[in-house]
Amino acid sequence: MKKKCFFTGHRGLGVDFSRERAYNAIKVLNEKMGVDTFVCGGAVGFDIEMGELVLKLKEEHSEVKLWL
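If you're wondering where the values come from, they're calculated on a predicted model, not measured in any experiment.

Asks: I tried to follow the environment of Ile26 on my own but got confused; where do I start?
Replies: Residue position: Ile26 is located in helix 1 (residues 19-31). Separated by 21 residues in sequence, Ile26 and Cys5 place their C-alpha atoms 9.2 Å apart. When sequence neighbours within four positions are dropped, the list of residues in contact with Ile26 reads Phe7, Phe38, Met50, Leu53, Val54 and Leu57.

Written as structure tokens, this is what we have:
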């Protein structure tokens, strides 16, 4: 069964936003929870950051899909 995860957030990222923590969370969603499709809004800020991290994950896991 394919699973999807949706991301949407603020344009401005807070000072406590961590790309490393966000990437690790995406990896867990994929590797341990079976999420293979990620859907991100297209706004500057959180949406784009998460989309870029999903593309980074796709380099390791070709089955990953990003809908923007």
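Let's pick the thread back up.
Asks: What's the story with the sheet that holds strand 1 (residues 3-7) in this structure? I'm lost.
Replies: Paired through their backbone hydrogen bonds, the strands of a sheet run either parallel or antiparallel. Here three strands make up an open sheet; going across it, the order is 1-2-3 and the pairing parallel. Edge strands, defined here as strands with exactly one partner in the open sheet, are strand 1 and strand 3 (65-67). In this sheet, adjacent strand axes meet at a mean angle of 25° when their direction is disregarded. Bridge count for strand 1 against strand 2 (residues 35-40) is five bridges, and the pairing is parallel. When the sheet's bridge partners are listed, Lys4 is paired in strand 2 with Thr37.

Asks: Whenever I open this one, the environment of Phe7 confuses me. Can you help?
Replies: Counting through the fold element by element, Phe7 comes out in strand 1. Judged by its relative accessible area of 12%, Phe7 is buried. On a C-alpha basis, the gap between Phe7 and Phe46 in space is 8.2 Å, while along the polypeptide they are 39 residues apart. The contacts of Phe7, once residues within four sequence positions are left out, are Ile26, Leu29, Phe38, Val39, Cys40, Gly41, Phe46, Asp47, Met50 and Val54.

Reading the values: the criteria
Numbers given for residues are sequential positions, taken from 1 along each chain in its written order. Note on the predicted model: pLDDT of at least 70 is required for a residue's local features to be given, and 80 or more for side-chain atom pairs to be given and counted; whole-chain, interface and lining totals, by contrast, use all residues. Side-chain metrics in this entry use all non-hydrogen atoms of the structure; hydrogen atoms and water are not considered. Only DSSP runs of H or I reaching four residues or more are called helices, and only runs of E reaching two or more are called strands; each is numbered from the N terminus. Note on contacts: a residue pair qualifies if any of its non-hydrogen atoms lie within 4.5 Å across the two residues. Two strands pair under a simple rule: DSSP has to find at least two bridges between them. In this description, a line fitted to the C-alpha atoms serves as the axis of each element, helices being fitted only across the stretch in contact, and the angle between N-to-C directions of two axes falls anywhere from 0 to 180 degrees. Three exposure classes are used, based on accessible area relative to the maximum for each residue type with a 1.4 Å probe and protein chains only: buried under 20%, partly exposed in between, and exposed over 50%.

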